[in-house]
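Each chain, written out:
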Amino acid sequence: MDKHMVIPAMPIPVYDEVDVLVAGGGPAGIAAALAAARNGASVLLIEQRGYLGGMATVSQVPAWCPYTDHEKPVIRGIGLEILNDMKSRMEPEFQQWWKDKLDWVPIDAEVLKKLLDDKMKEAGVRILYHTFISNALHQDGKVEAVIFHNKSGTFAAKAGIYVDCSSDADIAYHAGGQFEQGGDEGELQPGTMCFVMSNLDREKYMAYCEEFGPSLKHAINEAKSKGALNVVRDWAGISWVNHHTAGFNFGHIFGIDGSKAEGLTRGAIEGRALVHHIADWLKQTIPGFEEGYLALTGEQIGIRETRRIIGDVTVTADDFMNRRSFPDDIARNAYFIDIHMAKPTSGMTIAHLPPGESHGIPYRALLPIGIDNVIVAGRSISTDRATQGSTRVMPNCFAMGEAAGTAGALLVKQGMSGTRSIPIDQLQQQLVRQGAWLGEDIHAKYEKEESNR
Ligand SMILES: Cc1cc2nc3c(=O)[nH]c(=O)nc-3n(C[C@H](O)[C@H](O)[C@H](O)COP(=O)(O)OP(=O)(O)OC[C@H]3O[C@@H](n4cnc5c(N)ncnc54)[C@H](O)[C@@H]3O)c2cc1C
């Protein structure tokens, strides 16, 4: 853009001053806000939509990735609490299907939205919906206020600690943080416009799957070979919330940058067009879907990858493959490297850890270099691209958010504003008390200390 205009200087009201300000109400922001408030901080959570949930509700991503390492839950604490509470509000049949399961549990976006409103109210978190953070005032590596816009106007909000869970690290970006994005040539994982169909017949579909297997691989390949279906990958993620309703993670839109309005706009238009094409094909082809009704597409195309902060430590694929632990671990990750192809002509990149194995996520990977009072949690923490393909999933984001919010509250309560001044053992001990899982060694250490208290 060559042309510029100058906004005349104008006074901006300070809307609020809080201990911890959380930007973004996705899995990371939800857990950050709850953890900070439960640890005694005053919390303002700012979210651009009219509800919480992030990709799970905004973009209708239909299932929680695994909470376990195939042997035990590695994501516990607030993330597990939300999973279990969501299950408890579902219909009896759903509860029966998913009672003891922690991996790939379907998401009911409407149940989740209401649950999260209730949880925030209970914890005393102040929420400002329909509000977009557009800038950060900063000096000498310290954010002084965030600037936001909403129907009421333009405001500033000040906090002791800013927890940036915007998934694009917007606060860190506006505060002069450093970033990487995508691969060597800037390539990004594709977006997906997820959708919900109702009036389906689950039993008939399950009988079809008995014969042809799940994920519609067989039917997709047949349709692709005949030119009847225009998708790249022969896989559909289908998550049933009741006998008649399922969420779909199916199809890709390539080459969009989700940190740019133009990318999101193209993703919305092309994503919806692809969904209508897919839904028509599903109705014509798949047993049980004949009477299906396309009920909903995401408010925004689902975005897998944008900015990654450069933090004090960057978690790498080597750390992932070698199941490395760090002295300042605040969460553990067992999900596989799951990088969707950046171009229609390339393939998926997948790498699994053996059952029972995980690696650590250090607190330092949440600290953007050069910025003193911002903690970043969720999709955009400091990792290489391969590891982001793994850490990005929702259960991990809950765990990182819980750590960031807890750290924010501990820092403010002790009068420390620099994120790097927190005593790590104090943070880890508090996370363990809250039910988070940080690995056998850390648990053994703090369980012993707790029993000696
Ligand atoms: C198509 C797709 C399929 C996926 N499948 C799965 C899956 O099956 N299971 C799984 O667990 N994970 C899955 N993921 C990954 C996962 O959904 C995301 O990586 C995860 O939600 C990221 O969590 P987050 O809290 O960092 O951010 P998000 O969930 O993206 O939430 C960020 C929130 O911040 C808000 N926000 C952003 N910027 C601002 C701003 N400037 N001001 C105010 N508010 C702002 C947004 O509105 C949003 O609510 C999938 C992702 C995609 C796109």
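Residues numbered from 1 in each chain as written. Predicted model: local features only at pLDDT ≥ 70, side-chain atom pairs only at ≥ 80, totals over all residues. Heavy atoms only, no water.

An unreviewed UniProt entry lists the protein under the name FAD-dependent oxidoreductase, with Paenibacillus chungangensis as the source organism.

Enquirer: What exactly am I supposed to notice about the pairing of strand β13 (residues 329-333) here?
Expert: The side chains of a regular strand alternate, residue by residue, between the two faces of the sheet. Counting buried residues in β13 gives five out of five residues, a clear majority hidden from the surface. Bridging between β13 and strand β16 (residues 359-362) involves four bridges; their strand directions are antiparallel. In the strand pairing of β16, N333 is matched with H359. (Buried < 20%, exposed > 50% of the residue type's maximum accessible area, 1.4 Å probe, protein only. Helix = DSSP H or I, 4+ residues; strand = E, 2+ residues; numbered from the N terminus. Pairing = 2+ DSSP bridges.)

Enquirer: When you look at helix α5 (residues 109-123) in this model, what are you seeing that I'm missing?
Expert: Each full turn of the α-helix corresponds to 3.6 residues, which orients residues three or four apart in the same direction. For α5, spanning 15 residues, the distance from its first C-alpha to its last is 21 Å, which sits close to the expected 21 Å at 1.5 Å a residue. Among the residues of α5, A109, V111, L112, K113, L115, L116, K119 and M120 are the ones counted as buried. Close packing links the buried residues of α5 with α1 (27-38), β2 (43-46), α2 (55-58), α3 (77-88) and β3 (126-128). N-capping of α5 is provided by D108, with a side-chain oxygen placed 3.1 Å from the backbone N of E110. One or two steps after α5, the chain reaches G124, where phi turns positive at roughly 80 degrees. (Expected span 1.5 Å × (residues − 1). Contact = heavy atoms within 4.5 Å. Polar contact = N/O pair within 3.5 Å; in protein donor to acceptor, adjacent residues only side chain to side chain.)

Enquirer: I tried to follow the confidence of the model for the protein on my own but got confused; where do I start?
Expert: If pLDDT is low for a region, its predicted coordinates should not be looked at in detail. When pLDDT is averaged along the protein, the result is 97, and 99% of the positions lie at 70 or above. Mean pLDDT across the elements of the protein bottoms out in helix α14 (residues 440-452) (82) and peaks in α1 (99). (pLDDT = per-residue confidence, 0-100.)

Enquirer: Help me understand the sheet that holds strand β10 (residues 245-249) in this model?
Expert: Sheet strands associate in pairs through backbone hydrogen bonding, adopting either a parallel or an antiparallel arrangement. The strand order across the open sheet formed by four strands is β9-β10-β8-β11, and the pairing between neighbours is antiparallel. Among the strands making up the open sheet, the edge pair consists of β9 (237-242) and β11 (293-297). Taking each pair of neighbouring strands and ignoring which way they run, the sheet shows an average axis angle of 25 degrees. When β9 meets β10, the two strands line up antiparallel, connected through five bridges. Of the residues in β10, the one forming a bridge with N242 is T245. (Axes fitted to C-alpha atoms, helices over the stretch in contact; angles between N-to-C directions.)

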